[in-house]
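What follows is the residue order along each chain.
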Amino acid sequence: MRRSPVGLDLDRPVPRSLIEECVDLATQAPTGRNRQRWHFVVVTEPAQRRAVADIFPRALPLPPDTR
């Protein structure tokens, strides 16, 4: 079992219904000026998840201490 730094089990499958519920709840969160420009991508295939994980840090640069 692979765990994240906060103790999450990253190998455990997440039911699609839970993913859909999370996305639904996220769209209800307030946005700046109430623009609500939501864009979600749910990737469940392992090879695609790895590819997205490799690309994400380059697409959205974060300060070095948050990685």
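This text goes with the structure placed above it.
The model shown is predicted, which means the values in this text are computed figures rather than measured ones.

What counts, and at which threshold
Residues numbered from 1 in each chain as written. Predicted model: local features only at pLDDT ≥ 70, side-chain atom pairs only at ≥ 80, totals over all residues. Heavy atoms only, no water. Helix = DSSP H or I, 4+ residues; strand = E, 2+ residues; numbered from the N terminus. Buried < 20%, exposed > 50% of the residue type's maximum accessible area, 1.4 Å probe, protein only. Patch = residues over 30% accessible without salt bridge, like charges linked within 9 Å, V, L, I, M, F, W, Y side chains within 5 Å. Areas by Shrake-Rupley, 256 points an atom, 1.4 Å probe, with all protein chains shown as cover. Salt bridge = Lys/Arg side-chain N within 4 Å of Asp/Glu carboxyl O.

Caption draft 1: Focus on the overall build of the chain. Along the chain, the regular secondary structure elements total 2 helices and 0 strands. Relative to its full complement of 67 residues, the chain shows a buried share of 1%.

Caption draft 2: Region of the structure containing a nonpolar patch on the surface. There is a patch of nonpolar side chains on the surface, built from Val52, Phe56 and Leu60 and spanning about 270 Å² of accessible area. Residue placement: phenylalanine 56 occurs in helix H2 (residues 46–59).

Caption draft 3: Local environment of the pattern of salt bridges. If you walk through the whole model with that rule in mind, you get 1 salt bridge. With its nearest N and O atoms 3.0 Å apart, the salt bridge here joins arginine 16 to glutamate 20. One end of the pair is arginine 16 and the other is glutamate 20, both in helix H1 (residues 16–26) and 4 residues apart, which spans about a single turn. With a relative accessible area of 58%, arginine 16 lands in the exposed category.

By themselves, these figures tell us nothing about what the structure is for.
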